[in-house]
Protein chains: 2
Amino acid sequence: MSESVTRRGLLGGAAGVAAAASLPGDAEAAKKRSHRKSSKARPRRADVVVVGAGLAGLAAAEKVAAAGRSVVVLEARDRVGGRTLNRDIGGGEVVEIGGQWIGPTQDVIAGWAKELGVETFKTYNEGNYIYHRGGRRTPYTANTPVLGAIPPDPGAAEAGAALAQINEMAREVPVDAPWTAARAEEWDSQTAYTWIREHTASDGGRFLTDLGVSLVYAAEARDVSFLQVLLNVAAAGNETTPGTFERLINTAGGAQESRFVGVAQRVSLEAAKRLGRRIVLRSPVRRIVQSASQVRVESDRATVIARRCIVTGPPAVTARIDFQPLLPTLRAQLLQRMPQGSAIKCHAIYDRPFWREEGLAGQAVGDRGPCRVTFDNSPPDGSPGVLLGFVEGTFARSFSALSEAQRRDAVLQNFVDFYGEQARRPRAYFETNWGEEEWTRGCFVGFCPPGVLLDYGREMRAPFGRVHWAGADIATIWNAYMDGAVRSGRRAAAEALAG
Amino acid sequence: MSESVTRRGLLGGAAGVAAAASLPGDAEAAKKRSHRKSSKARPRRADVVVVGAGLAGLAAAEKVAAAGRSVVVLEARDRVGGRTLNRDIGGGEVVEIGGQWIGPTQDVIAGWAKELGVETFKTYNEGNYIYHRGGRRTPYTANTPVLGAIPPDPGAAEAGAALAQINEMAREVPVDAPWTAARAEEWDSQTAYTWIREHTASDGGRFLTDLGVSLVYAAEARDVSFLQVLLNVAAAGNETTPGTFERLINTAGGAQESRFVGVAQRVSLEAAKRLGRRIVLRSPVRRIVQSASQVRVESDRATVIARRCIVTGPPAVTARIDFQPLLPTLRAQLLQRMPQGSAIKCHAIYDRPFWREEGLAGQAVGDRGPCRVTFDNSPPDGSPGVLLGFVEGTFARSFSALSEAQRRDAVLQNFVDFYGEQARRPRAYFETNWGEEEWTRGCFVGFCPPGVLLDYGREMRAPFGRVHWAGADIATIWNAYMDGAVRSGRRAAAEALAG
């Protein structure tokens, strides 16, 4: 994340304490400031204190406030929105450098956005897609009936059959208790890679099925428990519509179908406006101390004493908080076991979306890497033209060994492979590596390697005394998505209000 | 870990700050004390600062001191020894409630212990073992030529064949770069469970092979990458003797062959005596700040400015330290990806080792759980009689749902299954759950689920500026063992001295 982004105070004022503390001299000063404030200022009191002002935290806080209870939200960054974030690209336009899409059955985020006055528009999806494999570029139609878009690969039918099997199995997986599925032990004892290798034979079938999995997590199929995959497929629906793999990976009819006008962070920004001074920015939570009657949350700029606490955010980030009394062993070990995915969003800005003129949707799948998938991420009016490429999983992990120029060249070469020479010279190019962000440390979410859901899944949403848990990472319906984050925040708020 | 243990200041004086801070009122006071000390006391200066006074940290510090350089060791606990720890059982006797054994090819810990005046003695290994499966108890001989001890199970031959295959494959795995093995991708893309299921067919073969794996990690075969297993087998030897699975799991000729007189923590205690006031106890490190010329390590009771820093300890514990500048993305994500195993040691103390009188070695393997393996852990003279049972992996994870009485009853029932009714009424019984320990959070070590060695392995020992890394978890030879810890500490010290 570039300095200009993290230091931009979207709601607050000066640069954040954490950002300013990157030089030794500054650090000492910042530390003294922060310690003075946290340990000596009079604690604030509230019914509920929320850790994190991402979608889960803001949704939780809103629900608490709506119930007439007092709430304080402590946020480490100098902004709200968590893993959603805007970036200004000039001319009054912004693009999403974090989470961005909304699709069918994501009713809760849809309803909330509407209520907050944030409209949606369809992801650009006109014309052909590009399939680039083994050095060969093939345009193909995006509008086939079953999978939505079937790449022109001899293995596509096999991949389709594998996904259909996955859909079937996912129907046996309860989204709130995947470890209770009859075959949970079998599924959670293997990686998604293993299952795919056993149920596909062709290179193309394996490539496409692997890719489908890796796009969901920004991790490799070998990193993820097969039960986690079935959970996310099961979770890609709502209370009445069963989830399907297609709904995870498709644009039309899937989780990439629509975008937010003013982009996704606006949902958080609008929610934050309503919460106003209840939100404290630039104030990382360091310690959570519980007694029989209350919970005290100590952060760099404020200490809050409350009846209940809701902790949101990636499990691996929560693991840094000093809990007193200590977290129960199972929860502490769960936090060791949900690593963040590895996602880098690469944006290239062009005067116009030239690919559209050639009948292309701006969506591509390629095997060369580092960028295996692209989208047309232009503003609603198509000006300027914006290509978004994802560098994910193993490609993201080796990306940092390259120089800035090498990285840019490699990604733009992918864009040239897909869309021709015009793609080589964007008027601007930038990358967003969420692994560099101190308070996220990877995107999209924390996922479960094999064995974790089985032995630790029960712990995921179990309150710890007066502390409740939320976040996309531990959501049930639409686990790992914005919709799941909002649902989880509201669920945790309901727990806290009932407590 | 019981209060009496963690609060006992073995080298230091009063109860530790962290331990004392378990009540809200105390916490506030402790925090003020600690902040005052760390932020206002004059920083100490040293050539090298070491984080953690376990075997790796002490070995590193000794090497630095031996080179005539100044060194300070900052330790979170009120004692040295890390994952090795004594417990007094009365009558001047102690037992090991942490790491305890030493075996052939563990030359470095052996040499160091000898130099420190700590003698070893053979683990009691006379007479028959017990195999308890499907409710049936069978004594068997511990002295067969190949595997050492082959349980009387129809699947034993199959398990033996599987282990032989594993030994073969392990010879292709370089202990310092397992990700470079020709078949690394295949091996790191699957769990050990998957490999075992594909290479064994019988219940007994699977049970025994699974158990062999789970005993090494205190985790289930499904939790662990198969490449990690091959790495540990390869690492179970020295520079001239290739590792074997047998050397990991056997008593005679294996890693459980001998114990330390005065028990394993004595190595650390003796090393600490030599280091004297260079060690600061009860001082958790909170922040490590680097500049171009130095590194400042801030802990609760001391701030140290040094030229180089060596960080030891479990990756999941290191993840809690605030690094400025931030850790590189790959290292930060590696720390999210090496969860600690789940080991609980259960000791029962009897007036005498009555099983010996019946020709039994005190070693058993059972399938009922929670305790699947036992050892005779009596002092060298056999008085009192001590049975040690391991509750590991999935059994350890569900153990905490039981009451104290239920846990004791369940473990003693295992002991009765193995050694008869006399085992039901020990004169003392206690458990050591390393998952409850704030500065360890699980034993034996941090291991790699699938995909981690492949994409993050290179990062494991790569210095971060002036910060070097050590610990059993990231050792090469005897990775995950005390010998590996000492080797890794010396390697890191050599790096720091050369830097």
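Going by an unreviewed UniProt entry, chain A carries the name Amine oxidase [flavin-containing] and comes from uncultured Solirubrobacteraceae bacterium. Per UniProt, chain A carries the Sequence similarities (unreviewed entry) text "Belongs to the flavin monoamine oxidase family." Chain A has a UniProt comment under Cofactor (unreviewed entry) that states "FAD".

A.B. asks: Explain the domain arrangement of chain A to me, using residue names and the numbers behind them.
C.D. replies: Residues and elements named next belong to chain A. With domains assigned, chain A is organised as domain 1 (3-82 + 264-336 + 448-473), domain 2 (86-104 + 118-124 + 341-436) and domain 3 (151-249). The gap between the C-alpha centroids of domain 2 and domain 3 is 26 Å. Domain 2 puts 13 residues into the contact, and the matching count from domain 3 is eleven residues. Taken together, the two surfaces of domain 2 and domain 3 that pack against each other cover about 910 Å², and 60% of this comes from carbon and sulfur. Counting every contact that joins domain 2 to domain 3 gives five residue pairs in polar contact (both at pLDDT 80 or more). Of all the secondary-structure elements, those providing two or more residues to the side of domain 2 that touches domain 3 are β16 (360-366), β17 (371-376) and α16 (393-399). Its residues assigned to classes, the side of domain 2 that touches domain 3 shows four nonpolar, five polar and four charged.

A.B. asks: Pulling in residues and values, what's your account of the side chain of Thr105 of chain A?
C.D. replies: If you trace the backbone, Thr105 of chain A turns up in the loop between β5 (101-102) and α5 (107-115). Side-chain polar atoms of Thr105 of chain A contact the side chain of Trp478 of chain A, separated by 2.9 Å.

A.B. asks: Outline the pattern of salt bridges, supporting the account with residue identities and numerical values.
C.D. replies: Across all of its chains, the model carries 64 salt bridges over all chains by this definition. Ionic pairing is found between Arg287 of chain A and Asp322 of chain A, a salt bridge with its closest N-O pair at 2.9 Å. One end of the pair, Arg287 of chain A, is in strand β11 (residues 285-290); the other, Asp322 of chain A, is in strand β14 (residues 322-324), and 35 residues separate them in sequence. No difference in accessibility class separates Arg287 of chain A from Asp322 of chain A, as the two residues are buried. The salt bridge involving Arg320 of chain B is made with Asp322 of chain A; its shortest N-O contact spans 3.8 Å. Of the two residues, Arg320 of chain B sits in the loop between α13 (315-318) and β14 (322-324) while Asp322 of chain A sits in strand β14, which places them in two different chains. Summarising the burial analysis for this pair, Arg320 of chain B and Asp322 of chain A share the class buried. Via salt bridges that share partners, Arg287, Arg296, Glu298 and Asp322 of chain A together with Arg320 and Glu438 of chain B belong to a single interconnected network.

Cut-offs applied
- Residues numbered from 1 in each chain as written.
- Chains lettered and ligands numbered in written order.
- Predicted model: local features only at pLDDT ≥ 70, side-chain atom pairs only at ≥ 80, totals over all residues.
- Heavy atoms only, no water.
- UniProt positions renumbered as here; feature names shortened; annotations may be inferred.
- Domains from an automatic or database assignment.
- Contact = heavy atoms within 4.5 Å.
- Buried area = accessible area lost by both parts, 1.4 Å probe.
- Polar contact = N/O pair within 3.5 Å; in protein donor to acceptor, adjacent residues only side chain to side chain.
- Helix = DSSP H or I, 4+ residues; strand = E, 2+ residues; numbered from the N terminus.
- Nonpolar A, V, L, I, M, F, W, Y, C, P; charged D, E, K, R; others polar.
- Salt bridge = Lys/Arg side-chain N within 4 Å of Asp/Glu carboxyl O.
- Buried < 20%, exposed > 50% of the residue type's maximum accessible area, 1.4 Å probe, protein only.

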